[in-house]
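Next come the chains, spelled out residue by residue.
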Amino acid sequence: MLAKVVKKFRMWMPTMPMTLIDAKNATATSRAKATFRVLPRMTKHEVKEYLTKIYDLPVTKVNTMNYMGKRKRATGKRKVIYYKYRDFKKAIVTFDDSVQDLGLGVRIPELEQREAEDQEL
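Residues numbered from 1 in each chain as written. Predicted model: local features only at pLDDT ≥ 70, side-chain atom pairs only at ≥ 80, totals over all residues. Heavy atoms only, no water.

Novice: What am I meant to see in helix α3 (residues 109-120) here?
Specialist: Compared with the 16 Å implied by 1.5 Å per residue over 12 residues, the 17 Å span of α3 between its first and last C-alpha is a close match. For α3, the tally of buried residues reaches only zero of 12 residues, placing the bulk of the element at the surface. (Helix = DSSP H or I, 4+ residues; strand = E, 2+ residues; numbered from the N terminus. Expected span 1.5 Å × (residues − 1). Buried < 20%, exposed > 50% of the residue type's maximum accessible area, 1.4 Å probe, protein only.)

Now the structure itself:
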């Protein structure tokens, strides 16, 4: 009876794929945000733990949205085949005020110096 009441703690972080969809840097009025595509079974808490423990990112808030996969129909000469894309979940992560720039569009100083030297010649 006790085994039914106690929930198992799931810790399978290395096999949880998180794909970065979009990222927005912080502005004067809003914090930095990133949108990830995650597995439907991942919870808000797991997304936050994943980003804080593996990447040391200060996560403030996580919002999630569940999406149903599209249903498609392919017609052939004799049959009609129905199939469905996988369901997925979007996680919008809001970072702490310490994160201002998410690193998109990074400039490499060495390359900029070479380009400046090439233009001078």
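Novice: Quick question: what am I supposed to make of the sheet that holds strand β6 (residues 88-95) here?
Specialist: Strands belonging to one sheet form pairs held by backbone hydrogen bonds; the direction of such a pair is parallel or antiparallel. In space, the four strands of this open sheet follow the order β1-β2-β6-β3, with antiparallel pairing throughout. Pairing within the sheet leaves two strands with one partner each, and these edge strands are β1 (19-24) and β3 (59-67). Pairs of neighbouring strands in the sheet enclose a mean axial angle of 20°, with direction left out of account. Against the sheet, helix α2 (residues 44-55) touches β2 (33-38), β3 and β6, its axis set at about 130° to β3. (Pairing = 2+ DSSP bridges. Axes fitted to C-alpha atoms, helices over the stretch in contact; angles between N-to-C directions. Contact = heavy atoms within 4.5 Å.)

Novice: Hey, could you run me through the layout of surface pockets in this one?
Specialist: To locate leftover empty space, one rolls a probe as large as a water molecule over the atoms. Volume-wise, the largest pocket comes out at about 220 Å³. Lining the largest pocket are 12 residues, and of these Leu20, Phe36, Leu51, Leu57 and Phe95 lie nearest its centre. The element best represented in the lining of the largest pocket is α2, accounting for three residues. The residue inventory of the lining of the largest pocket, partitioned by class, reads 12 nonpolar, no polar and no charged. In this structure, the second largest pocket is lined by Pro17, Thr19, Arg37, Val38, Leu39, Pro40, Arg86, Asp87 and Phe88. Class assignment for the residues of the lining of the second largest pocket results in five nonpolar, one polar and three charged. (1 Å grid on protein atoms, 1.4 Å probe; cavity = no way out; pocket = protein on both sides within 12 Å on 5 of 7 lines; lining within 4 Å. Points joined across faces, edges and corners; volume = space filled by probe spheres on them. Nonpolar A, V, L, I, M, F, W, Y, C, P; charged D, E, K, R; others polar.)

Novice: What should I look at first to understand the pattern of salt bridges in this one?
Specialist: Once the charged atoms of two side chains with opposite charge are near each other, the side chains can pair. Scanning all chains against the criterion turns up three salt bridges. Between Asp97 and Arg31 there is a salt bridge, with the nearest N and O atoms lying 3.0 Å from each other. In this pair, Asp97 sits in the loop between β6 and α3 while Arg31 sits in the loop between β1 and β2, placing the two residues 66 residues apart along the sequence. A relative accessible area of 46% places Asp97 in the partly exposed class. Put simply, Asp87 and Lys84 hold a salt bridge, and the shortest N to O gap is 2.6 Å. Using a relative accessible area of 33% as the deciding quantity, one classes Lys84 as partly exposed. (Salt bridge = Lys/Arg side-chain N within 4 Å of Asp/Glu carboxyl O.)

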